[in-house]
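Next come the chains, spelled out residue by residue.
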Amino acid sequence: MNRLRSNSPCWCGSGRKLKRCHGDHQAHRRPAVAPGGVSEHRDVPSSIPRPPYLANDGAPTPAPPQIHAGPELERLRHACQVAAEVLAEAGAAVAPGVTTDELDAIAHAAYLRRGAYPSTLGYRGYRKSVCTSVNEVICHGIPDDRVLQPGDIVNVDVTAYIDGMHGDTSATFAVGEIDGPTASLVDLTRRALLLGIAAVGPERDLTTVGEAIQPFAFAHGLGVVRDYGGHGIGATFHAAPHVNHAVMRAAPVPLVPGLTFTVEPMLNAGTETHRLWPDGWTVVTEDLLPSAQFEHTVIVTETGVEILTLTAEGSSPAGTLATTVSA
Ligand code: MF3
Ligand code: CO
Ligand code: CO
């Protein structure tokens, strides 16, 4: 299925062209995000155990697919719950006038209060406790002194390491009032995540995720980022398999009960292509139109799938399978 074209009638049934309705690029366009000043290192008490790569200059060791059950799964559940709670706390602080570095500080304190280590801090040379990706930043934005403006969107990506396990989750938040097309980009990306997750189940293949997400995104005129994906997770932060959010050629990965991985689609208002900032981390859309992302850590069960990155109350800023996921 092809992506809905800008001159086609909008998917919402308004009768207007996509480009004059939900796909209005002029409404989306905002001043480009520029690199800001990055604060000093935030410390973690030595009583909090570090992930193994910290002892190896941040260089991770490749790992096979992670399959969990029993006490190991309970530890993973806990790490995922902590990640969800840190995300909820940082997300609640998103507001006009707040800097992305302040979000990092709030998240940092929230990890420590729960006895968790921020997995990204020192990972491959990354120096902050979350990623904050504003507007056209697709992923891996570094928290800095940029002040959030009304109309911005910001993805906060949280990974917690505790009891030897990583839990990884993210959500995109609106800063004050945002324009209609950008609000629908954010809402559709959250729904795409949940559709991708809902497609997971035993006796299926991992390609089912991209097969659920891509047609949904395309039908709404959105692009799907192909060069960054989800990953196996557990005792290792980024393990096999690689999770595609688009329909792509890949070696078969049977979904066996106990397999844990992330689903984390990045959907773009405009082009699917991107550039990397000189900082080596920040990935931005080539046309500087916005990109949204949501992420959960999930496990394949005997009967389907379960989202692990939920708070103790069973909620998440990224949504749950109980929320509406209709196409
Ligand atoms: N949390 C991100 C993910 O979803 C990984 C960030 S790695 C970093 O996989 F080094 F950029 F922080
Ligand atoms: Co991830
Ligand atoms: Co993440």
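In the block above lies the structure referred to throughout.
Residues numbered from 1 in each chain as written. Chains lettered and ligands numbered in written order. Predicted model: local features only at pLDDT ≥ 70, side-chain atom pairs only at ≥ 80, totals over all residues. Heavy atoms only, no water.

Enquirer: If you had to explain unusual backbone geometry to someone new, which residues and values would you point to?
Expert: In this structure, the amide linkage connecting A240 to the following residue, P241, adopts the cis form with an omega of -5 degrees. As for its placement among the helices and strands, P241 is situated in strand 9 (residues 239-243). Positioned with a positive phi, N135 is a non-glycine residue whose angle comes to about 50 degrees. Positionally, N135 belongs in the loop between strand 3 (130-134) and strand 4 (137-139). Non-glycine residue L288 carries a positive phi angle of around 65 degrees. Among the secondary structure elements, L288 is positioned in the loop between strand 13 (283-285) and strand 14 (291-293). Residue classification places L288 among the partly exposed residues on the basis of a relative accessible area of 34%. (Helix = DSSP H or I, 4+ residues; strand = E, 2+ residues; numbered from the N terminus. Buried < 20%, exposed > 50% of the residue type's maximum accessible area, 1.4 Å probe, protein only.)

Enquirer: Would you mind going over the environment of L259 in detail, with residue names and values included?
Expert: Note that L259 resides in strand 10 (residues 259-263). In contact with L259, not counting residues within four places along its chain, are P65, Q66, I67, P254, V298, I299 and V300. (Contact = heavy atoms within 4.5 Å.)

Enquirer: Give a detailed account of empty space enclosed by the protein, specifying residues and quantitative values.
Expert: Picture a little ball the size of a water molecule; that probe, rolled over the atoms, points out where space is still empty. One pass over the full model with this rule turns up one cavity of 30 Å³ or more. There is about 30 Å³ of room inside the largest cavity. Along the walls of the largest cavity sit H28, R30, N135, E136, L288 and P290, which together make up its complete lining. Here the residues of the lining of the largest cavity are counted per class, giving two nonpolar, two polar and two charged. (1 Å grid on protein atoms, 1.4 Å probe; cavity = no way out; pocket = protein on both sides within 12 Å on 5 of 7 lines; lining within 4 Å. Points joined across faces, edges and corners; volume = space filled by probe spheres on them. Nonpolar A, V, L, I, M, F, W, Y, C, P; charged D, E, K, R; others polar.)

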